[in-house]
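Descriptive analysis of the structure
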Amino acid sequence: MKTLASVHADTPTHWVGDGFPVQSILSYHEHGARISPFLLLDYAAPAEFPAAEKPRGVERHPHRGFETVTVVYQGRLAHRDSAGHAGVIGPGDVQWMTAAAGVVHEEFHEQEFTRRGGVLEMVQLWVNLPAAHKMSPPKYQTLLARDIPIVPVAGARGRVRVIAGDFEGTSGAAQTFTPVDLWDVRLPAGATVVLPVREGFMAAVLVLRGQAGLGGSERLRGGELALFERDGAGVAVAATDDCGLLLLAGQPIDEPIVGRGPFVMNTADEIQQAIRDFQAGRMGRLD
Ligand code: MN
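Reading the values: the criteria
Residues numbered from 1 in each chain as written. Predicted model: local features only at pLDDT ≥ 70, side-chain atom pairs only at ≥ 80, totals over all residues. Heavy atoms only, no water. Helix = DSSP H or I, 4+ residues; strand = E, 2+ residues; numbered from the N terminus. Buried < 20%, exposed > 50% of the residue type's maximum accessible area, 1.4 Å probe, protein only. Areas by Shrake-Rupley, 256 points an atom, 1.4 Å probe, with all protein chains shown as cover. Lys, Arg positive; Asp, Glu negative; His and termini not counted. Charge placed at Lys NZ, Arg CZ, Asp CG, Glu CD. Phe/Tyr/Trp six-rings, centres within 6.5 Å; stacked < 30°, edge-to-face > 60°. Contact = heavy atoms within 4.5 Å. Core = buried A, V, L, I, M, F, W, Y, C linked by side-chain atoms within 4.5 Å. Polar contact = N/O pair within 3.5 Å; in protein donor to acceptor, adjacent residues only side chain to side chain. Pairing = 2+ DSSP bridges. Axes fitted to C-alpha atoms, helices over the stretch in contact; angles between N-to-C directions.

Attention shifts here to the overall build of the chain. Counting its regular elements, the chain contains 3 helices and 26 strands. C-alpha extents for the chain along the principal axes are approximately 55 × 45 × 35 Å. Burial analysis of the chain (287 residues in total) assigns 55% to the buried set. Counting every atom, the chain has about 11800 Å² of accessible surface; 49% of that belongs to carbon and sulfur. Of the side chains in the chain, 26 bear a positive and 33 a negative charge, and the two mean positions are spaced by 4 Å.

Taken as a whole and judged by the stated rule, the model has 4 aromatic pairs. A ring pair is formed by phenylalanine 167 and tryptophan 183, whose centres lie 5.0 Å apart and whose planes are at 80°; its orientation type is edge-to-face. Of this pair, phenylalanine 167 sits in strand β15 (residues 166-167) while tryptophan 183 is found in strand β17 (residues 180-187), placing the two residues 16 residues apart along the sequence. The residues phenylalanine 167 and tryptophan 183 share a single accessibility class, namely buried.

So, about the side chain of threonine 11. Tracing the chain through its elements places threonine 11 in the loop between β1 (4-8) and β2 (13-16). For threonine 11, the contacting residues outside a window of four places in its chain are Gln23, Ser24 and Ile25.

Leu41, Trp96, Val123, Leu182 and Leu206 are the most contacted members of the largest nonpolar core, which totals 29 residues. By residue number, the principal contributor to this core is strand β19 (residues 202-209), which donates 4 residues. The contact partners of leucine 41, leaving out residues within four places of it in the chain, are Gln23, Ser24, Ile25, Leu26, Val123, Gln124, Leu125, Leu206, Leu225 and Leu248.

Here we take up the environment of aspartate 241. Looking at the element boundaries, aspartate 241 is found in the loop between β23 (235-239) and β24 (243-250). Separated by 23 residues in sequence, aspartate 241 and glutamate 218 have C-alpha atoms that sit 14 Å apart. Once you skip the residues sitting within four places of it in the chain, aspartate 241 turns out to touch Leu187, Pro188, Ala189, Gly210 and Gln211. At 2.6 Å, the side chain of aspartate 241 forms a polar contact with the backbone nitrogen of glutamine 211.

With that settled, the discussion passes to the pairing of strand β18 (residues 192-195). The side-chain alternation of β18 yields one buried face, formed by Val193 and Leu195, and one unburied face, formed by Thr192 and Val194. Pairing of β18 with β23, which is carried by 4 bridges, proceeds in the antiparallel orientation. Paired with threonine 192 across the two strands is alanine 238, which belongs to β23.

On to the environment of threonine 240, then. Looking at the element boundaries, threonine 240 is found in the loop between β23 and β24. For threonine 240, a relative accessible area of 35% gives the class partly exposed. Spatially, the C-alpha atom of threonine 240 lies 9.3 Å from that of leucine 187, the residues being 53 residues apart in sequence. Those residues in contact with threonine 240, other than ones at most four positions away along the chain, are Ala189, Gly190, Gln211, Ala212, Gly213 and Arg219.

Read across the open sheet, the 7 strands follow the order β2-β3-β4-β11-β6-β9-β12; overall the sheet is antiparallel. The open sheet is flanked by β2 and β12 (139-143), the only strands paired with a single partner. When strand polarity is set aside, the average angle formed by the axes of neighbouring strands in this sheet is 25°.

What follows is about unusual backbone geometry. Cis rather than trans, the peptide bond between serine 36 and proline 37 has omega equal to 15°. Relative to the elements of secondary structure, proline 37 occurs in the loop between α1 (28-31) and β4 (38-49). Here alanine 100, not a glycine, exhibits a phi torsion of approximately 45°, which is positive. In this structure, alanine 100 sits in the loop between β9 (94-98) and β10 (103-109).

Any functional reading would require information beyond the geometric quantities listed.
Right, here's the structure in full:
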C-alpha cells in the first residue's frame, strides 16, 4: 500500500483573471519532482457568481511544453485557441488541451452561465510532457460526461468515472502521452476501497465533498489533498460520509523542469526560445 507523504490544507486563494478564484494546492515551484508528471493543481472551490453581461475569465495567453486539463463540477466554461480548437464544457465534462509546441488560448465562463449567474467549481491540472513531445503539434480533446466510462465500486454503491488511465480493466476517455490516471470517485458513507494505483507512480487524492480517511489515520475534508509516496501500490480510502474525490496519479517524468509563467521546458535556453516564439507570433494568433 502507498503511505501518506503529506497533507495539504488551507491553501490560500488567488484569482486567475477575473473568473477563477483558485487554490494552487500543488505546484512544481513548491513541490518539484515530487508531483511529476503533474506541474500544477488549481482548485476553484464552489463560488457563487452573480448574473452579469460580460463573461469573466482569462484573456488570451500562451502555453508551451505541457497539457492543461480542466475538470468542471459546477458551472459552464467556454474555450478557444489559436490552433482552431474551441469547446464548451459543463458539469462532468473535461477538456484535455495539449499545448505542446504552443498555443494561444482564452478561458471564460460560458455566455449563458454568465447571464444567469451561478456556482462555479472546477479543477485545472497542468500535466507535463516528456522532452520528446514538448514540441509536438497542439491537440485538443473534449471529453463530455457521456463519453467518460463509469465503473461501479464498493458494492455498486460507489463509482469511478475513468477520465484517464486504466481502472480495473476499463480504459479512460483521454489519450495521454505518458501513463496518467485521473479518476473522479464517489463513495458512500462507510465504504472502504483500495484504488489500484501502480507501484512507482506519484499519487494524490483531492477531497471535493464529504470526509474521507486517506492512507490510514488522516481524515480529510473538502479542499484538502493527500500526497502519497511513490513506493507501494494502491491508495486506501475510507469514506467517513458520502464523498467525492479526484484521484490523480502517474508515472514520473525523470527530466529537468525549467519553467517561467505559461512555459515549462527542460532548459533555460528553451524558455528563452519560447518567449521569442510567442512574441514573434509563432504560437499562432487569436483574433
Ligand atoms: Mn491557460
